[in-house]
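Survey of secondary and tertiary structure
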Amino acid sequence: MTREVIILGSGPAGLTAAIYASRANLNPLVIHGPQPGGQLTTTTLVENFPGFAQGIMGPELMDQMRAQAEHFGAEFLQKPATSVKLSAERKTVVCDDQTFEAKTVIIATGASAKTLGLDREWELMGYGVSTCATCDGAFFRNQIILVVGGGDSACEEALFLTKFASKVYLVHRRDSLRASKIMAERVIAHEKITVLWNTGIAKLLGDKKSGLTAVILKDTVNGSEKEMPATGLFYAIGHQPNTDLFKGQLEMDNNGYLVTTGASTKTNIPGVFACGDVQDHVFRQAITAAGSGCMAAIEAERHLSGH
Ligand code: NAP
């Protein structure tokens, strides 16, 4: 059986594409990635998605989007795609032992937070180490927290974390922040925040039982190291688009984001569309992802009706 459309990814972009495609009677198959529902499932209150005056919890918003797509006939598969072949008119998506064929593919695989690649990083993830201040900040009341990074995300997270922490250290590898001037000024002026300039993190101390207890800081200029007690460490060093699956097939920019044509979601392969954070490193919002998911579904529908 050749499907009309397969959607890879189930964040706001993928699920909005699924709502539009299913309402257009295209019976989309949505293939979840490793984090069904996407990045919003790891957040708490979402206050900036229009339509929810009091805000809505991220996981609930994603459950609602999925239910809305299912209501119109979208099908879901909980088995990440392992390989794709996109160039032919009939595209194939392989999920381990199952192979699916479709006339169009909508890619909404999103982006993932970058990490430092330190030993114990994954053991301590959720046990003191986090990639999402909004999700986990409240667990660190009256504690000493480190935030790594020097961009807008790092500044935003450091400022947010002052609501909970007794002290926030922003650890940055250089001597000036990459963040916008206004964010940098707020961070530097904040009484609870100290910026540790020219500093990296060399080692994490602690285990699952104790949680993170301390880090070894490394001076990036002279290489000297010192231990610093800390129970919370937030990574805010940017995001990596989830595009490994498409290497060698779809056009990407230098950072691995999928390239789409002008104001459309069209990729370099006819019938293949990309939406959400996998092709947007600028806005990265749930609402912009949802908007581009809508565009992708409409463009897929137009592509199908033109064939
Ligand atoms: P970003 O601008 O790429 O900044 C990443 C930061 O992490 C940089 O300071 C970088 O250091 C540091 N970094 C990267 N790899 C590192 C490593 N291995 N070790 C130590 N430090 C490392 O990423 P972002 O802050 O996530 O922002 C992404 C985009 O979203 C930007 O365009 C930003 O303006 C936007 N954004 C806007 C807002 C807002 O306006 N409210 C909020 C968040 C994000 P270097 O500076 O040395 O390269």
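So, a few notes on the structure that sits alongside this text. Chains are numbered independently. Their residues run from 1 in the order of the written sequence. Selection of residues for local features in this predicted model requires a pLDDT of at least 70, selection of side-chain atom pairs for listing and counting requires 80 or more, and totals for whole chains, interfaces and linings are taken over all residues. For side-chain calculations, the full set of non-hydrogen atoms in the structure is used, while hydrogens and water are omitted.

Brief notes about the environment of Leu 15
In this fold, Leu 15 is placed in helix H1 (residues 12-23). For every residue, the accessible area obtained with a 1.4 Å probe (protein chains only) is divided by the maximum for its type, and the residue is called buried under 20%, exposed over 50%, and partly exposed between those limits. Classification of Leu 15 as buried rests on a relative accessible area of 2%. Residues Leu 15 and Glu 70 lie 55 residues apart in sequence; the distance between their C-alpha atoms is 9.7 Å. Throughout, a contact is declared for two residues whenever any of their heavy atoms are within 4.5 Å. Discounting chain neighbours no more than four positions away, the residues touching Leu 15 are Ser 10, Met 62, Met 65, Arg 66, Ala 69 and Phe 76. Only DSSP runs of H or I reaching four residues or more are called helices, and only runs of E reaching two or more are called strands; each is numbered from the N terminus.

A few points about the site of the ligand
The environment of the ligand is made up of 15 residues, and the closest members are Asp 152, Ser 153, Glu 156, Arg 174 and Arg 178. In the environment of the ligand, an oxygen atom lies 2.6 Å from a nitrogen or oxygen atom belonging to the side chain of Asp 152. Throughout, the Shrake-Rupley method with a 1.4 Å probe supplies accessible areas, and for residues the shown protein chains are the sole cover considered. Notes on the ligand: free accessible area 910 Å², of which the protein chains cover 67%. When residues are grouped by polarity, Ala, Val, Leu, Ile, Met, Phe, Trp, Tyr, Cys and Pro land in nonpolar, Asp, Glu, Lys and Arg in charged, and all others, Gly among them, in polar. Looking at the shell around the ligand residue by residue, the classes come out as three nonpolar, six polar and six charged. In these notes, residues near a molecule or strand are those with any non-hydrogen atom within 4 Å of it. Polar contact criterion, stated in full: a pair of N or O atoms within 3.5 Å, where within protein one must be able to donate a hydrogen and the other to accept it, and residues adjacent in sequence count only if both atoms are side-chain atoms.

Details of the sheet that holds strand E15 (residues 211-219)
Here three strands make up an open sheet; going across it, the order is E14-E15-E16 and the pairing antiparallel. Lying at the two open borders of the sheet, with one neighbouring strand each, are strand E14 (199-207) and strand E16 (225-229). When strand polarity is set aside, the average angle formed by the axes of neighbouring strands in this sheet is 25 degrees. In this structure, E15 lies alongside E16, joined through five bridges in antiparallel fashion. When the sheet's bridge partners are listed, Val 215 is paired in E16 with Met 228. Two strands pair under a simple rule: DSSP has to find at least two bridges between them. Comment: axis = line fitted to C-alpha atoms, over the contacting stretch for helices; angle = value between 0 and 180 degrees taken between N-to-C directions.

Things to note about the nonpolar core
Throughout this description, the term nonpolar core refers to a set of buried Ala, Val, Leu, Ile, Met, Phe, Trp, Tyr and Cys residues connected via side-chain atoms within 4.5 Å. In this structure, Ile 7, Phe 49 and Ile 106 are the most contacted members of the largest nonpolar core, which totals 31 residues. Listed by contribution, the elements that provide at least two residues to this core are strand E1 (2-8), H1, helix H2 (58-71) and helix H6 (286-305). Excluding anything up to four places from it in sequence, Ile 106 contacts Val 5, Ile 6, Ile 7, Leu 8, Ala 17, Phe 273, Cys 275, Ala 296, Ala 297 and Ala 300. In terms of nonpolar packing, the next biggest core, distinct from the first, is built from 22 residues, Cys 155, Leu 159, Met 183 and Ala 236 among them.

With respect to the pattern of salt bridges
What makes a salt bridge here is a side-chain nitrogen of Lys or Arg within 4 Å of a carboxyl oxygen of Asp or Glu, nothing more. Evaluation of the coordinates by the stated rule reveals seven salt bridges. With its nearest N and O atoms 2.7 Å apart, the salt bridge here joins Asp 97 to Lys 79. You can see Asp 97 sitting in the loop between strand E7 (91-95) and strand E8 (98-107) and its partner Lys 79 sitting in the loop between strand E5 (75-77) and strand E6 (83-85), a full 18 residues away along the chain. Judged by relative accessible area, Lys 79 falls into the partly exposed class, the value being 22%.

Side note on the pairing of strand E17 (residues 232-235)
One face of the sheet, then the other: side chains in a regular strand alternate in exactly this way. The alternating pattern of E17 places Gly 232 and Phe 234 and Leu 233 and Tyr 235 on opposite faces, both of which are buried. Pairing of strand E10 (residues 129-130) with E17, which is carried by two bridges, proceeds in the parallel orientation. Paired with Val 129 across the two strands is Leu 233, which belongs to E17. The pairing of strand E11 (residues 144-148) with E17 spans four bridges and is parallel. Paired with Val 147 across the bridge in E17 is Phe 234.

Details of the sheet that holds E10
Where strands meet in a sheet, backbone hydrogen bonds hold them as pairs that are either parallel or antiparallel. Pairing is parallel across the open sheet formed by five strands, whose spatial order is E10-E17-E11-E12-E13. Strand pairing shows two members of the sheet lacking a second neighbour, E10 and strand E13 (193-196), which therefore form its edges. Against the sheet, helix H4 (residues 152-161) engages E11, strand E12 (167-171), E13 and E17, with an angle of about 170 degrees to E11.

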